[in-house]
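# Tertiary structure, described
This is what each chain is made of:
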Amino acid sequence: MTTAHTATAAAVPAADRRLLTGVFTVLGIVMAVWGARMPAVQAAVHLSAGQLAVVLLGAAAGMVAGLQLGGRLAARHGPSRLLVGPTVAFGSSLVLLGQCTTLPTLILGAAVFGCAHGLLDVGANASAVNCQSAYRRPIMSGLHAAYSIGALAGAALVVVTTWMPYRLLFSLVGAATAVAALAAHRAVRVAQSLDDFTGPAADSTQPVPARVRIWLLGALAAACLLAEGAAADWSAVHLRSLHASEATAASAYAVYSGAMAVGRLFGDRLTSRLGASVTVRGGAALSAVGLGVGVAIGSPASALLGWAAIGLGLSTAVPSLISAAGRGGPRAVGTVAATGYLGLLAGPAAIGGLASLSTLPAAFTLPVVLAACVALTAHRALEQR
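Note that this is a predicted model, so its numbers are computed, not measured. (Residues numbered from 1 in each chain as written. Predicted model: local features only at pLDDT ≥ 70, side-chain atom pairs only at ≥ 80, totals over all residues. Heavy atoms only, no water.)

## Some words on the overall build of the chain
Tallying secondary structure elements over the chain gives 16 helices and zero strands in all. Relative to its length of 385 residues, the chain is compact, with a C-alpha radius of gyration of 20 Å against a globular reference of 21 Å. Seen along its three principal axes, the alpha-carbon backbone of the chain occupies a region of about 70 × 45 × 35 Å. For the chain, buried positions account for 50% of its 385 residues. Long-range contacts, defined as pairs at least 24 residues apart, comprise 85% of the intrachain contacts of the chain with a sequence gap of at least 6. Looking at the chain, you have 22 positive and 10 negative side-chain charges, and the mean spots of the two groups are 2 Å apart. (Helix = DSSP H or I, 4+ residues; strand = E, 2+ residues; numbered from the N terminus. Rg over C-alpha atoms; globule rule 2.2 N^0.38 Å. Buried < 20%, exposed > 50% of the residue type's maximum accessible area, 1.4 Å probe, protein only. Contact = heavy atoms within 4.5 Å. Lys, Arg positive; Asp, Glu negative; His and termini not counted. Charge placed at Lys NZ, Arg CZ, Asp CG, Glu CD.)

Written out as structure tokens, the structure is:
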């Protein structure tokens, strides 16, 4: 009887982990579909580059608001409450975006989309922190790998559906997302590890991480995500500036994304063996050296290796930083995530500004320096005292 009870109890976190894997995968798919079909939206609504930037700013503002609100709601009601409703809203808002034909409606739709994304992001990550505590070993990197794999799948879906009007694609993917969320409602209700700390982090005698530590975690996340934003928006441009072919340049982001997915798939094992601090610092050092050397050599092959180093080296950083923030509760998760995403949003613009003042290779000094800073300071935020 005792053996059967133990087996049942052990199976519960596994089921919860599978549920969260699905949530992170859906997040990646939807974001990839939205981002990859952005040129089609711009063309259909006749948006200038500046108007498109306003739409994206609306999504960013909605996301930051959703992250902050999500932290409060998750702290009060439990993060699992933010898995079903926000996912339905996330999918529905993608459908809505497909029907927007004017700039004002697009801005409003993007703000709703961003807010739903923020709420779901907090719910997924805070639930993952609790589930990881139930496992008593790292699983966060693997869950973030599901996001990366979902993004790759979403990008592949866009490639094979280029013949399809983006409005139809948004409607199909959005509706499927909402239906999947409703179908998962029962699994969320019976989950036992998404809202409950079962390890040392749940001990009420443990001090809540100091506010300065939370902001340090946020700053480190911003530094990492700035580098990720640079890879997303500038890696292909970098390769083209080195006279690489269009096909080679287009492969730069795929190389970066693939390296990050691989790193996250093996990240939990490394973190278990070496600890979060050593893993993150070593990965950040690899990123700084890899991109720095790749840019300095200045050949297409070295550049590809440099962007691969960024993806592989930073793959475990954000999952580890979110896990550390989780010891302070869902509001800390929301704060760190919101601060980190500001880096993601600022990164491409910062690189562009520096490139206009100097050269593009010189502008890549920024992510190199930031990765080096993460390597030198991450232990202050990740090592428990």
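## A few points about the packing of helix α2 (residues 38-45) against helix α7 (residues 166-183)
Contact geometry for α2 and α7: axes closest at 10 Å, N-to-C directions at 130 degrees. The angle between α2 and α7 falls in the class oblique. Here A40, V41, A44 and V45 of α2 come into contact with α7, specifically with Y166, R167 and F170. Residue classes in the contact of α2 with α7 are distributed as six nonpolar, no polar and one charged. (Axes fitted to C-alpha atoms, helices over the stretch in contact; angles between N-to-C directions. Parallel < 35°, antiparallel > 145°, perpendicular 65-115°, else oblique. Nonpolar A, V, L, I, M, F, W, Y, C, P; charged D, E, K, R; others polar.)

## Regarding the nonpolar core
Core analysis: the biggest nonpolar cluster contains 100 residues, and L83, L106, F170, L217, W307, I322 and V374 have the highest contact counts within it. Top contributing element to this core by residue count: helix α9 (residues 211-241), with 12 residues. Those residues in contact with L83 that sit more than four places away from it in its chain are L20, V23, L120, G123, A124, S127, V188 and L194. (Core = buried A, V, L, I, M, F, W, Y, C linked by side-chain atoms within 4.5 Å.)

## Quick notes on the confidence of the model for the chain
Averaged over the chain, the pLDDT score is 87; the fraction of residues at 70 or greater is 92%. pLDDT under 50 marks residues 1-9. Its contacts with residues more than four places away, or in other chains, come to zero contacts. Of the regions scoring below 50 in pLDDT, residues 198-208 engages in 10 contacts with residues more than four places distant in sequence or in other chains. (pLDDT = per-residue confidence, 0-100.)

## Here we look at helix α3 (residues 49-77)
If you check α3, its first and last C-alpha atoms are 41 Å apart, about what 29 residues at 1.5 Å a residue would give, namely 42 Å. Taken together, the buried positions of α3 are L52, V55, G58, A59, A60, G62, M63, G66, L67, G70, G71 and A74. Buried residues in α3 make contact with α2, α5 (103-135) and α14 (330-357). Backbone geometry just downstream of α3 places G78 in the positive-phi region, at approximately 100 degrees. (Expected span 1.5 Å × (residues − 1).)

## A word on unusual backbone geometry
Within the chain, R136 stands out as a residue other than glycine whose phi angle is a positive 65 degrees. Among the secondary structure elements, R136 is positioned in the loop between α5 and α6 (140-160). Exposure remark for R136: the relative accessible area of 60% places this residue in the exposed category. A positive phi angle, near 65 degrees, is found at H243, a position not held by glycine. Assignment of secondary structure puts H243 in the loop between α9 and α10 (246-274). For H243, a relative accessible area of 76% gives the class exposed.

## A word on the packing of aromatic side chains
Following the criterion strictly, the structure yields five aromatic pairs and no others. Measuring from centroid to centroid gives 4.9 Å for F90 and F113, while their planes differ by 20 degrees, and the two rings are stacked. Remark: F113 occurs in helix α5 and F90 occurs in helix α4 (residues 84-99); sequence separation between them is 23 residues. The class for F90 is buried, based on a relative accessible area of 0%. (Phe/Tyr/Trp six-rings, centres within 6.5 Å; stacked < 30°, edge-to-face > 60°.)

## A short note on a positive patch on the surface
Taken together, the side chains of R72, R76, R211 and R331 define a basic patch exposed on the protein surface. Of note, R76 is situated in helix α3. By relative accessible area, R76 is classed as exposed at 67%. (Patch = residues over 30% accessible without salt bridge, like charges linked within 9 Å, V, L, I, M, F, W, Y side chains within 5 Å. Areas by Shrake-Rupley, 256 points an atom, 1.4 Å probe, with all protein chains shown as cover. Salt bridge = Lys/Arg side-chain N within 4 Å of Asp/Glu carboxyl O.)

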